[in-house]
Amino acid sequence: MHSPDGSRLCVAAVDGLGMYRFPCSGEELWAVGSGTAFCDAAFSRDGAMVASALGETGLVEIRDAETGATLHVIDDFPACSPMAGGIPHGLSFSGELLA
């Protein structure tokens, strides 16, 4: 998914979470969770943060979009259901609310 200003691309995949400069260069800014399945990600409205959900546990991590530093962790968030095979129910992050 693209950041609100279109300058970054966040990829949540079965083998990790990555943030890339976009468009053109594809320069990797940071990556986390190598070998960890992420089922969804969403930028905050201002693009300063990115929330990501781990498919196996439902754990949500909120990171600084520029550095990848973890800012907050939410246990057992219902964005992904391990019982449904980690299928996302839709992660949406406004900066004030995470749904």
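This text gives an overview of the structure that appears in the document. (Residues numbered from 1 in each chain as written. Predicted model: local features only at pLDDT ≥ 70, side-chain atom pairs only at ≥ 80, totals over all residues. Heavy atoms only, no water.)

1. Quick notes on the overall build of the protein
Part 1 of the argument: Helix and strand content of the protein: 0 helices and 9 strands.
Part 2 of the argument: Traced from its N-terminal end to its C-terminal end, the protein shows the element sequence β-β-β-β-β-β-β-β-β.
Part 3 of the argument: Counting only residues that meet the buried cut, the protein has 37% of its 99 residues in that class.
Part 4 of the argument: The contacts of the protein with a sequence gap of at least 6 include a subset with a gap of at least 24, amounting to 34%.
Part 5 of the argument: For the protein, the accessible area works out to roughly 5,300 Å², and carbon and sulfur atoms hold 56% of it. (Helix = DSSP H or I, 4+ residues; strand = E, 2+ residues; numbered from the N terminus. Buried < 20%, exposed > 50% of the residue type's maximum accessible area, 1.4 Å probe, protein only. Contact = heavy atoms within 4.5 Å. Areas by Shrake-Rupley, 256 points an atom, 1.4 Å probe, with all protein chains shown as cover.)

2. Concerning the environment of T67
Part 1 of the argument: Take T67: it is sitting in the loop between β6 (60-64) and β7 (70-74).
Part 2 of the argument: Within the structure, T67 has its side chain in polar contact with the backbone nitrogen of A69 (distance 3.1 Å). (Polar contact = N/O pair within 3.5 Å; in protein donor to acceptor, adjacent residues only side chain to side chain.)

3. A closer look at the nonpolar core
The tendency in soluble globular proteins is for nonpolar side chains to be buried side by side.
Part 1 of the argument: Counting 11 residues, the largest nonpolar core is built from C10, L17, M19, W30, F38, A41, F43, V50, L54, L59 and A65.
Part 2 of the argument: Those elements giving two or more residues to this core turn out to be β2 (16-21), β4 (38-43) and β5 (49-54).
Part 3 of the argument: The element best represented in this core is β4, accounting for 3 residues.
Part 4 of the argument: Among the nonpolar cores identified, the runner-up in size contains 7 residues, and A42, A51, A53 and I62 belong to it. (Core = buried A, V, L, I, M, F, W, Y, C linked by side-chain atoms within 4.5 Å.)

4. Thoughts on the sheet that holds strand β1 (residues 8-13)
In sheet architecture, strand pairing relies on hydrogen bonds along the backbone and comes in two forms, parallel and antiparallel.
Part 1 of the argument: If you walk across this open sheet you meet the 3 strands as β1-β2-β3, and the pairing is antiparallel. The two strands at the open ends of the sheet, each matched to only one other strand, are β1 and β3 (28-32). Each strand axis lies, on average, 10° off the axis of its neighbour in the sheet, ignoring direction.
Part 2 of the argument: With 6 bridges joining them, β1 and β2 adopt antiparallel strand pairing. Bridge assignment links L9 to a residue of β2, and that residue is Y20. (Pairing = 2+ DSSP bridges. Axes fitted to C-alpha atoms, helices over the stretch in contact; angles between N-to-C directions.)

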